[in-house]
Structure formats: C-alpha cells, structure tokens
Amino acid sequence: MPYSIGVVMDPVGDIPIKKDTTFAMLLEAQRRGHDVYYMEPRHLYGRDDVPMARMYPIQVRREPGNHYTLGDEVHRPLTELDAVLMRKDPPFDMEYVYQTYLLERALGSTLVVNHPRSLRDANEKMFTAYFSDIAPATVVARDPRVFHDFLHEQGTVVLKPLDAMGGSGIFLVRAGDPNFNSVVESLTQRGTRYAMAQAFLPEAAEGDKRIILIDGEPVPHGLLRVPGGGDFRGNINAGATTELAALDDRDYRICERLAPELRARGLTFVGIDVIAGLVTEINVTSPTGVQELDYDAGTHICATLFDAIEGRLAAGPPYHEPA
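Here the structure is a predicted model, which is why all the values come from computation and not from measurement. (Residues numbered from 1 in each chain as written. Predicted model: local features only at pLDDT ≥ 70, side-chain atom pairs only at ≥ 80, totals over all residues. Heavy atoms only, no water.)

(A) Layout of the overall build of the chain. Secondary structure assignment for the chain yields eight helices and 18 strands. For a compact globule of 323 residues, the expected C-alpha radius of gyration is about 20 Å, and the chain comes in at 20 Å, within 12% of that figure. Along the first, second and third principal axes, the C-alpha atoms of the chain reach 60 × 45 × 40 Å. Relative to its 323 residues, the chain shows a buried fraction of 53%. When contacts within the chain are restricted to residue pairs at least 6 apart in sequence, long-range pairs at least 24 apart make up 68% of them. In the structure as shown, the chain presents an accessible area of about 14,200 Å², 49% of it carried by carbon and sulfur atoms. Distance between charge centroids for the chain: 2 Å, based on 32 positive and 46 negative side chains. (Helix = DSSP H or I, 4+ residues; strand = E, 2+ residues; numbered from the N terminus. Rg over C-alpha atoms; globule rule 2.2 N^0.38 Å. Buried < 20%, exposed > 50% of the residue type's maximum accessible area, 1.4 Å probe, protein only. Contact = heavy atoms within 4.5 Å. Areas by Shrake-Rupley, 256 points an atom, 1.4 Å probe, with all protein chains shown as cover. Lys, Arg positive; Asp, Glu negative; His and termini not counted. Charge placed at Lys NZ, Arg CZ, Asp CG, Glu CD.)

Written out as structure tokens, the structure reads:
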C-alpha cells in the first residue's frame, strides 16, 4: 500500500549520494511506490494548532550532479502525511528543539521517526548515562574542577561537546597535558556550558564499531571505523577508514540491554558506537553508515526500516505515545 512520506533533512543538493543514509531512505521509499515529500527544517511552521510545512514532491536517482528533481511547492499540514522522517543533522540546538515541538503536534495522525519527544530527551552523548553498566566512566559538567578530578582519576580522558557530530570538538587529554585547562575552557565556554568527559579506551586505536538498530534489533554486521593519519577519532569525517565487522557476544549483549528502552521511547532507527564492549554514543538524530554497510555486507537496511515503518502505519494511528 502506498503511503505519503515526508522527510525533513538538510539541503538535498549538498548530500554525498554515495554514502548519505537519508538518500538511501529516499530511494527505498520511492522504490516502494510511496509519495515522497522533501522538507528542510526551515520549511516547518505552525498555524494556530496546526503543524504545517512548505514541502516539495521529490524524485531521486543515483546520478551524481543530477540526483534529484523537486516538484511544485505545496503548503500542507503535516497531519496529512502518513509518516515523517526527521533526518536533520546536528548541531542539536534550540532551533532543533523547536522543530521537534512542531513535529510532535502531528503525532495524532502522523508517525514521526524518530519520536520527537525522544529526540529531545535522548541526547546522543548523555543518553549513555542510562546504561552505565555498559558504558565507559563518564562525567557531564561545566565546573572545570569536576573535569580535573576526573582526569586525575582516569589518567586519560576524551572530552566532547554535547551538541555536535562527526568528531567535531572532541579532544584526547592525558594527565599533565598543559592544554587541559584551555580545552575545558573552550568546551564549557569558561564554565557556562555543559560538556562531557569519558574514560579513554585504548582499544579505540583499533576502531569503533557502528551498529545500526531498527526497532531495537541490530543489523547483523557492524561498520568498524579505524582512525587514520595519527588521529584518535573513529569518525569518517575525521579521516577514519571503514571495514566490515561481525558482531560479537559483547555487541549483542549491548543491543539486548538497549532494545527495551529504545522501543519504549519510539526510537525506531538508531546507530550506536561501541569500543571494547562498551557503548560510547547512542545516535538518534540522523545515524549514518547504512550505505557503507550495504555495499560491504550485501544488506538492504532501508528495506528493513521501511518494513518496520509500514508495519506501524498498517496498525494505524494515533501515534501520541512511543511504541
């Protein structure tokens, strides 16, 4: 059965179609015969109690430089769509929060993936604190003294902002590093913003494993991202290389631990980062890695995703609460 599917994303003209996960979702929705509508975050708006959007019918194809065609602009209530995929990349700022408020108002009749309330609540860095038994030692603070004590305790730590992605703003600091105070001042803006520190896992040199979960079930292969060029970050944007990696018993234990909470929160499409049997991040906004996994493992991850979405749609509204 064809459905109307809206996708909120960053500008479609700028995406690298060979690796972009949202592009793979667009292709799969189109392949299934759904009516697909393109929206950027700036196109969302509200009129009284009605969530609206300026949207465009879109057709996509694997032709570099000619990968999409937009139809005529239409202004429609989001509630006229069967489902909306929220795929805007971080930064996670107040503009993003306002967008989730608008999306949440559509939930009576429209399925939103991932659930807008959970996008707000499950910060990709801090969400690991709900699962401290399978995560590295972590602190979140803005007081430099807390980070100083944590560094003294751990010896080596990774410092991160709470609202970025792709390895941006991440620092590796060892005890005695003369740059430590400067790094903390920068990340916390002199103690006025929260940041995170995690215990450094030496196994990070061998790579971190991206695992995709759909409705809490892991795709049966992970994407190992190996730091390159003397960098410690396992982020593709930071120069990491990728290779296919089997899931081991520790990976499945992590997924089993996370699954009930992900389902309860309506987090249908999630990407987790795992190092040495510990989860370092739980990515819920716009997880990536799908095309790389499909190329290497012969999977069709977006088909599994749309099977899940269509199953929810077949059950029918309302969609007020997470599943």
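Structure's up, so let's keep going.
(B) Representation of the environment of N66 in the model. When you line up the elements, N66 lands in the loop between β4 (50–60) and β5 (68–70). You can call N66 partly exposed: its relative accessible area is 36%. Placed 53 residues apart in sequence, N66 and G13 show a C-alpha to C-alpha distance of 9.0 Å.

(C) Summary view of the pattern of salt bridges. Tallied over the entire structure, the rule returns 24 salt bridges. Notably, a salt bridge pairs R193 with D163, separated by 3.2 Å at the nearest N-O pair. Here R193 is found in the loop between α5 (180–188) and β12 (195–199), whereas its partner D163 is found in the loop between β10 (156–160) and β11 (171–174), with 30 residues between them in sequence. Look at R193 and you get partly exposed, because its relative accessible area is 38%. Assessed through its relative accessible area of 24%, D163 is described here as partly exposed. Three or more residues joined by partner-sharing salt bridges are found here, namely E28, R31, R32, D307 and E310. (Salt bridge = Lys/Arg side-chain N within 4 Å of Asp/Glu carboxyl O.)

(D) How the structure looks around the side chain of K125. Assignment of secondary structure puts K125 in the loop between α3 (116–121) and β9 (138–141). Taking relative accessible area as the criterion, K125 reaches 4% and is therefore assigned buried.

(E) The arrangement of the packing of aromatic side chains in detail. What the rule picks out here adds up to four aromatic pairs. Plain terms: the ring middles of F127 and Y130 are 5.3 Å apart, the flat faces sit at 65° to each other, and that makes the pair edge-to-face. Its relative accessible area of 0% is what places F127 among the buried residues. Ring geometry for Y130 versus F131: centroids 6.5 Å apart, planes at 50°, classification tilted. Since its relative accessible area comes to 3%, F131 is described here as buried. One aromatic cluster is present, formed by F127, Y130 and F131 through successive ring pairs. (Phe/Tyr/Trp six-rings, centres within 6.5 Å; stacked < 30°, edge-to-face > 60°.)

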